[in-house]
Protein chains: 2
Amino acid sequence: MKPKLTLKKIAKELDVSISTVSKALRDSPEIGEETREKIKAFAKHYNYKPNNIALSLKNRKTKTIGIIIPEIVHHFFTTVISGVEKVANEMGYNVLVCLSDNSFDKEVLNMEMLANGSTDGFILSLAKETMQKGDYHHLQEAINQGMPLVLFDRVVDSIACDKVIIDDVAGAKKAVQHLLDVGCRRIAMISTVDYVSVGKLRTKGYKEALEENDIEFDENLILKIEEMEDSEKEIEEFLSNCEVDGVFAVNEHFAISAVKTLQESGKKVPQDVSVIGFTDGELSKRFIPGLTTVSQHGMRIGEESARLLIEKLERTPTEEDYYKTIIVETGLVVRDSTKSKK
Amino acid sequence: MKPKLTLKKIAKELDVSISTVSKALRDSPEIGEETREKIKAFAKHYNYKPNNIALSLKNRKTKTIGIIIPEIVHHFFTTVISGVEKVANEMGYNVLVCLSDNSFDKEVLNMEMLANGSTDGFILSLAKETMQKGDYHHLQEAINQGMPLVLFDRVVDSIACDKVIIDDVAGAKKAVQHLLDVGCRRIAMISTVDYVSVGKLRTKGYKEALEENDIEFDENLILKIEEMEDSEKEIEEFLSNCEVDGVFAVNEHFAISAVKTLQESGKKVPQDVSVIGFTDGELSKRFIPGLTTVSQHGMRIGEESARLLIEKLERTPTEEDYYKTIIVETGLVVRDSTKSKK
DNA sequence: TTTCAACACGAAAACGTTTTCGTAGTTTCG
DNA sequence: CGAAACTACGAAAACGTTTTCGTGTTGAAA
């Protein structure tokens, strides 16, 4: 187990000074050609690689970006990570992944850990608990300390920073419009609670679509689900109590539960009821019938976030601050859970 | 944007030396009570946190562990990460995630990046290309440099290090035995290519189960799939050309494709053909019919890996080396894609 | 021969810690 | 009262780099 080679060791071995070694390896013209070649040959032969930690300390930047997400066992978030990783790697950055488990405390803890030098900046999607609580002091603190921050998906208006989101309203509208187009008239919506911005925005899109088509909004056709755990039962109860010909679900799971429930109660999908979901994951793709769904391009969201962050990191500090919000558009993937247009 | 507080600044502000500040904050009895309290109060008030990079440099350890996986958009790997993250966090470690994209070159590059001080050790599942190539010099190099390495899932015998695997043979055997128990006699297997150890081992389990039940092994009942992309077509072709009453698939996707194909060709699952998969993901759970499957507990694999690695990291270097291989047992999750036992 | 660039290299500071060792000033004890 | 032992603190080295600023040695110009 040979310890790592350092400049100092090379210097001693070749009987020159540390500075000379450093300069030679960085091709400084200050060093004579002969010495330079000798040092470079030696370094190459013994596979010298500079120590990142020392470099980080010296340069005051780590070349790693921290991403904090509520959960990782979730298709959408993994695609985002994948996107972040891709462009980060291309730009010579590493990615430190932390999970908040949707807990406010863990989110704060993670940020504090990473803020003390481990990371140059953050990419973050808020924990459910954080949004509920409405306490964003940890975000503001990071920003105040000069750490760039990019919020994605679950964002909040009151923090001034770069953001990457999808057009939830437009996406939901698109979905509901599709249901209307294929002939649905009584459309239920299965959503999450409102404090997750996503729930509110998609509800808005739902309403807008109805309005534009002169269909009356009916509060009773909306189900808001608090806990993932009991969702299946709630959906079953909800759907058995209201006569509908279309269902707009705010994620894959709800959509699938809806299909299951409907089928079990003797209804046919899509002949009797059309169902449309949000988030295009493995589930939607492989389910039978294939789920028509609104796809949010997680990979692109990750890529844009990383690009935004790195841009901030590498800009000279004198350039003035301004914050962008990038909207990654959603797409409609039509499969077999909605009737075809007439 | 106030810059971070450092020992030096505190020292200057309070007109003491840096050493005094450092000692006071670490509750050294060397420092008088009065001074100590003053310094601690100041530090607390201005929220001093030591710089991790400086600590890393000084202590020669980063308190972060690197995990390199072939792909992240994959339920199994995300559960593993989740497990690693969990125990890493509990023990005060951070997790650096890198993706090899199943490419040998990216795997090597990632290891080199992280080996230069970014990480104290590795948790790694080999890229497909790496296994195919059989070139493991980068692993050996890391070990030689004194960086502990834990291999999981896709491991290789020739490298001496800690390993966490599942009992692929037993798991496959269990699956096939289940098919036999519910009355299947002609059982097809849909597998991956052999150089991924998983493919080979599960095939072995398949054969063993048949053998123990005195059923003749038929080469024609095995399909080996190279590329994920074309799997669906291949499976369709394969199943339409052989009469079977049971299918053992080596992952969720293959299992689902099998069910789909069978249903389309008029067969009923599980009445006519029973199908069993490997890896218990969202897909298996939510599919209709729910997929009977062998579950590999990714979370536990991650936890065990992290524990193993951290144990190595924190043991005193004098303790002798020995390597463990932990086998995380698989479970059989019976759902609706296999007939019930008679 | 003197003067001065140009050249080739080294010393030292800096990044932010921790830790060893040294040393004033005070107390204790014989 | 002198020596020894504490007490409370500071100086400096070390971790591995990069970079600024010397400085000694050449060679050429004057």
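Residues numbered from 1 in each chain as written. Chains lettered and ligands numbered in written order. Predicted model: local features only at pLDDT ≥ 70, side-chain atom pairs only at ≥ 80, totals over all residues. Heavy atoms only, no water.

Caption draft 1: Inspection of the overall build of chain A at higher detail. Counting its secondary structure elements, chain A contains 14 helices and 12 strands. For 342 residues, the compact-globule estimate of 2.2 N^0.38 gives 20 Å, and chain A exceeds it by more than 25% at 26 Å. On the principal axes, the C-alpha backbone points of chain A span a range of 85 × 40 × 35 Å. Buried positions account for 54% of the 342 residues belonging to chain A. Long-range contacts, defined as pairs at least 24 residues apart, comprise 70% of the intrachain contacts of chain A with a sequence gap of at least 6. Accessible area of chain A: about 15,700 Å², with a carbon and sulfur share of 49%. (Helix = DSSP H or I, 4+ residues; strand = E, 2+ residues; numbered from the N terminus. Rg over C-alpha atoms; globule rule 2.2 N^0.38 Å. Buried < 20%, exposed > 50% of the residue type's maximum accessible area, 1.4 Å probe, protein only. Contact = heavy atoms within 4.5 Å. Areas by Shrake-Rupley, 256 points an atom, 1.4 Å probe, with all protein chains shown as cover.)

Caption draft 2: The arrangement of the relation of the copies chain A and chain B in detail. Superposing chain A onto chain B requires a rotation of 180° together with a translation of 0.0 Å along the rotation axis, leaving an RMSD of 0.1 Å. In the structure described here, the two chain copies are related by an operation that fits a two-fold rotation axis. Relative to the rotation axis, the closest C-alpha in chain A is found at L96 of chain A, a distance of 2.2 Å. (Least-squares fit on C-alpha atoms with pLDDT ≥ 70 in both.)

Caption draft 3: Quick peek at the UniProt feature "domain: HTH lacI-type" (unreviewed entry) in chain A. As annotated by UniProt and renumbered to match this structure, "domain: HTH lacI-type" (unreviewed entry) occupies residues 5-59 of chain A. Between the first and last C-alpha atoms of residues 5-59 of chain A the distance is 20 Å; the span itself is 67% helix and 0% strand. (UniProt positions renumbered as here; feature names shortened; annotations may be inferred.)

Caption draft 4: Spatial organisation of the protein's contact with DNA strand D. The immediate surroundings of DNA strand D are formed by 27 residues, with T20, K23, E30, G32 and T35 of chain B found nearest. Per the 4 Å cut-off to the protein, sugar and phosphate atoms form 59% of the nearby atoms of DNA strand D. Between a base oxygen of DNA strand D and a side-chain N or O atom of K23 of chain A, the distance comes to 3.3 Å. Take T35 of chain B: an N or O atom from its side chain is 2.6 Å from a phosphate oxygen of DNA strand D. (Near = heavy atom within 4 Å. Polar contact = N/O pair within 3.5 Å; in protein donor to acceptor, adjacent residues only side chain to side chain.)

Caption draft 5: Molecular detail of the interface of chain A and chain B. Chain A puts 53 residues into the contact, and the matching count from chain B is 53 residues. Summed over both sides, the interface of chain A with chain B buries roughly 4,600 Å², with 57% coming from carbon and sulfur. Of the charged contacts in the structure, one is a salt bridge between K49 of chain A and E112 of chain B, with a shortest N-O distance of 4.0 Å. Put simply, chain A and chain B have 16 residue pairs in polar contact (both at pLDDT 80 or more) between them. Counting residues per element, the ones that place at least two in the side of chain A that touches chain B are α4 (52-59), α5 (75-90), β2 (94-99), α6 (104-115), α8 (137-144), α12 (252-264) and α13 (282-286) of chain A. (Buried area = accessible area lost by both parts, 1.4 Å probe. Salt bridge = Lys/Arg side-chain N within 4 Å of Asp/Glu carboxyl O.)

Caption draft 6: Geometry of the domain arrangement of chain A. Taken domain by domain, chain A consists of domain 1 (7-50), domain 2 (62-165 + 298-327) and domain 3 (168-296). Taken over C-alpha atoms, the centre of domain 1 of chain A sits 39 Å from the centre of domain 2 of chain A. (Domains from an automatic or database assignment.)

Caption draft 7: A look at the protein's contact with DNA strand C. Neighbouring DNA strand C are 27 residues, the closest being T20, K23, E30, G32 and T35 of chain A. Restricting attention to atoms of DNA strand C within 4 Å of the protein, one finds that 60% of them are sugar or phosphate atoms. A distance of 2.9 Å separates a phosphate oxygen of DNA strand C from a polar side-chain atom of K8 of chain B. Y48 of chain B has a polar side-chain atom sitting 2.9 Å from a phosphate oxygen of DNA strand C. The element that contributes the greatest number of residues to the surface near DNA strand C is helix α2 (residues 18-25) of chain B, accounting for 4 residues. Of the residues belonging to the surface near DNA strand C, the class tally is 9 nonpolar, 9 polar and 9 charged. (Nonpolar A, V, L, I, M, F, W, Y, C, P; charged D, E, K, R; others polar.)

Caption draft 8: Summary view of the nonpolar core. By size, the foremost hydrophobic cluster in this structure holds 142 residues, and its most contacted members are F152, I190, V247 and F248 of chain A together with F152, I190 and F248 of chain B. With near-sequence residues (within four places) excluded, F248 of chain A lies in contact with A172, A175, V176, L179, I187, A188, M189, I190, R202, Y206, I276 and F278 of chain A. (Core = buried A, V, L, I, M, F, W, Y, C linked by side-chain atoms within 4.5 Å.)

Caption draft 9: Inspection of the side chain of S56 of chain B at higher detail. Residue placement: S56 of chain B occurs in helix α4 (residues 52-59). With residues up to four places along the chain from it excluded, the contact list for S56 of chain B reads I53 of chain A together with K61 and T62 of chain B.

Caption draft 10: Local environment of the sheet that holds strand β6 (residues 187-192) of chain B. Residues and elements named next belong to chain B. Read from one edge to the other, the open sheet built from 6 strands follows the order β7-β6-β8-β9-β10-β12, with strand pairing classed as mixed. Each edge of the sheet is formed by a strand with only one pairing partner; in this case those strands are β7 (222-225) and β12 (330-333). Taking the axes of each pair of neighbouring strands and ignoring which way they run, one obtains an average angle of 15° across the sheet. Alignment of β6 against β7, held across 4 bridges, turns out to be parallel. Across the sheet, the residue bridging to S191 is K224, located in β7. (Pairing = 2+ DSSP bridges. Axes fitted to C-alpha atoms, helices over the stretch in contact; angles between N-to-C directions.)

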